[in-house]
Amino acid sequence: MRNTILSIALAGLALYLSACASGGNSQTCEPAKASMETKKLTKDMFYKNGKFDEAAAKQAYFDMMENLGYPISDNLRENMWVSDFGLGEFPEVGMGGIFWAHENEHGVFGHEIFLLPNQMLIEHWHVAGNNLPAKNECWHARAGVSYCFGENGEDASKYPNVKVPESQKKFITVNKVTPACSKKGNVVWMGRLESRHYQIAGPEGAVVTEYGAFHSNDNNRYTNPDVKF
């Protein structure tokens, strides 16, 4: 009986450590450093003659998805888009995405956000305009962890390893954070309409499903005036 109990306890400990190592519940442990981080993704890998290399950026996301065990469909390969927000700082600041659904007749919108390890989706907010209300949205991590910053949540000091890129620090206006963790399966809401927000991926990257209202990119606003999107 004693050996059986010991075996069960050791199995439970093994499962707990495995969850932590694979980016488990962000409330109990920080995600372990992922293999992609050891590749040291640098700017020169994503720019050719000063121009953003979209093909290289997409491949980096596909490599990340494979590392996270996220399925790569033909639809995704054909319709995925990438952006460095015109800042020339990919992979520190940028994102990939695909619009699964985006139609205004019934206001349906479904979007996947892709973030490389420690990559920041720039601070922004959504306003009303073009006969559309201000966009409401929430985020559901499908793989990895994304730290969702806004007006609500915990103080960012609780997550000292989640860092805003130096180039963006002077443009940050909100500093509360709620992790969207794929192991936990939680959904993080924006908080209120027109509130400013941004995301930073954990060290293994993140795939995040966004549920939101139909919107126009013309209604997006950015705290960094140099953003082009």
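This text gives an overview of the structure that appears in the document. (Residues numbered from 1 in each chain as written. Predicted model: local features only at pLDDT ≥ 70, side-chain atom pairs only at ≥ 80, totals over all residues. Heavy atoms only, no water.)

**Quick notes on the overall build of the protein chain**
Okay, so step 1: Of the regular secondary structure elements, the protein chain holds three helices and 12 strands.
Okay, so step 2: By residue count, 48% of the 229 residues in the protein chain fall in the buried class.
Okay, so step 3: Taking contacts inside the protein chain between residues at least 6 apart in sequence as the whole, the part at least 24 apart equals 76%.
Okay, so step 4: Just so you have it, the protein chain exposes about 11,700 Å², and 52% of that area is on carbon and sulfur atoms. (Helix = DSSP H or I, 4+ residues; strand = E, 2+ residues; numbered from the N terminus. Buried < 20%, exposed > 50% of the residue type's maximum accessible area, 1.4 Å probe, protein only. Contact = heavy atoms within 4.5 Å. Areas by Shrake-Rupley, 256 points an atom, 1.4 Å probe, with all protein chains shown as cover.)

**Quick notes on the side chain of Thr209**
Okay, so step 1: Within the secondary structure layout, Thr209 lies in strand E11 (residues 197-212).
Okay, so step 2: At 2.9 Å, the side chain of Thr209 and the side chain of Arg142 are in polar contact.
Okay, so step 3: Leave out the neighbours within four places in its chain, and Thr209 touches His111, Glu112, Cys138, Trp139, His140 and Arg142. (Polar contact = N/O pair within 3.5 Å; in protein donor to acceptor, adjacent residues only side chain to side chain.)

**Quick look at the nonpolar core**
Okay, so step 1: If you look at the biggest cluster of nonpolar residues, it comprises 20 residues, and the most contacted ones within it are Phe85, Met95, Ile113, Ile122 and Trp139.
Okay, so step 2: Taken together, the elements giving at least two residues each to this core come down to strand E5 (108-115), strand E6 (120-126), strand E7 (137-150) and E11.
Okay, so step 3: Counting residues in each nonpolar core, the second largest holds 19 residues, with Ala60, Ile98, Phe114 and Ala143 among its members. (Core = buried A, V, L, I, M, F, W, Y, C linked by side-chain atoms within 4.5 Å.)

**Structural notes on the packing of aromatic side chains**
Aromatic ring pairs are reported here in terms of the distance separating the ring centres and the angle at which the planes meet.
Okay, so step 1: Counted under the stated rule, the structure contains 12 aromatic pairs.
Okay, so step 2: Between Tyr61 and Phe114, the ring centres sit 6.5 Å apart and the planes meet at 45 degrees, which makes this aromatic pair tilted. With Tyr61 in helix H2 (residues 54-68) and Phe114 in strand E5, this pair connects stretches of sequence that are 53 residues apart.
Okay, so step 3: Look at Phe114 and you get buried, because its relative accessible area is 0%. (Phe/Tyr/Trp six-rings, centres within 6.5 Å; stacked < 30°, edge-to-face > 60°.)

**Observations concerning the pattern of salt bridges**
Okay, so step 1: The full count for this structure, using the stated rule, is seven salt bridges.
Okay, so step 2: Here Lys135 makes a salt bridge to Glu210, at a shortest N to O gap of 2.4 Å. Taken as a pair, Lys135 in the loop between E6 and E7 and Glu210 in strand E11 lie far apart in primary sequence, 75 residues in all.
Okay, so step 3: Under the relative-accessibility criterion, Lys135 is labelled buried at 4%.
Okay, so step 4: Among the ionic contacts, a cluster of salt bridges with common partners joins Lys135, Glu137 and Glu210. (Salt bridge = Lys/Arg side-chain N within 4 Å of Asp/Glu carboxyl O.)

**Describing the pairing of E7**
Okay, so step 1: Counting buried residues in E7 gives 13 out of 14 residues, a clear majority hidden from the surface.
Okay, so step 2: Where E7 and E11 come together, 11 bridges link them in antiparallel fashion. Pairing of Ala143 across the sheet is with Val207, part of E11.
Okay, so step 3: With three bridges joining them, E7 and strand E10 (residues 187-189) adopt antiparallel strand pairing. (Pairing = 2+ DSSP bridges.)

**Focus on the pairing of E11**
Okay, so step 1: Within E11, 14 of the 16 residues are buried, leaving the element largely enclosed by the surrounding structure.
Okay, so step 2: Sheet topology note: the E5/E11 ladder contains six bridges and is antiparallel. The residue of E11 that forms the bridge with Leu115 is Ala206.
Okay, so step 3: Sheet analysis places E6 next to E11, joined by three bridges and oriented antiparallel. Directly across from His124, in E11, lies its bridge partner His197.

**Points about H2**
Since the α-helix turns once every 3.6 residues, residues separated by three or four places project in the same direction.
Okay, so step 1: For H2, spanning 15 residues, the distance from its first C-alpha to its last is 21 Å, which sits close to the expected 21 Å at 1.5 Å a residue.
Okay, so step 2: Within H2, burial applies to Ala57, Ala60, Tyr61, Phe62, Met64 and Met65.
Okay, so step 3: Elements that come into contact with the buried residues of H2 comprise strand E2 (51-52), helix H3 (74-79), strand E3 (81-83), strand E4 (95-103), E5 and E11.
Okay, so step 4: Where H2 begins, the capping side chain belongs to Asp53, and its oxygen is found 3.2 Å from the backbone nitrogen of Ala55.
Okay, so step 5: Following H2 by one or two positions, Gly69 has its phi on the positive side, about 75 degrees. (Expected span 1.5 Å × (residues − 1).)

**Quick word on the environment of Glu92**
Okay, so step 1: Positionally, Glu92 belongs in the loop between E3 and E4.
Okay, so step 2: With 49 residues separating them along the chain, Glu92 and Lys43 place their C-alpha atoms 8.4 Å apart.

**Describing unusual backbone geometry**
Okay, so step 1: Looking along the chain, the bond that leaves Phe90 and enters Pro91 is cis, with omega of 15 degrees.
Okay, so step 2: With respect to the helices, strands and loops of the structure, Pro91 is situated in the loop between E3 and E4.
Okay, so step 3: Positive phi, close to 55 degrees, is recorded for Asn49, a residue that is not glycine.
Okay, so step 4: Residue position: Asn49 is located in the loop between strand E1 (47-48) and E2.
Okay, so step 5: By relative accessible area, Asn49 is classed as exposed at 86%.
Okay, so step 6: Even without a glycine there, the phi angle at Phe85 is positive, about 60 degrees.
Okay, so step 7: Counting through the fold element by element, Phe85 comes out in the loop between E3 and E4.
Okay, so step 8: Judged by relative accessible area, Phe85 falls into the buried class, the value being 2%.

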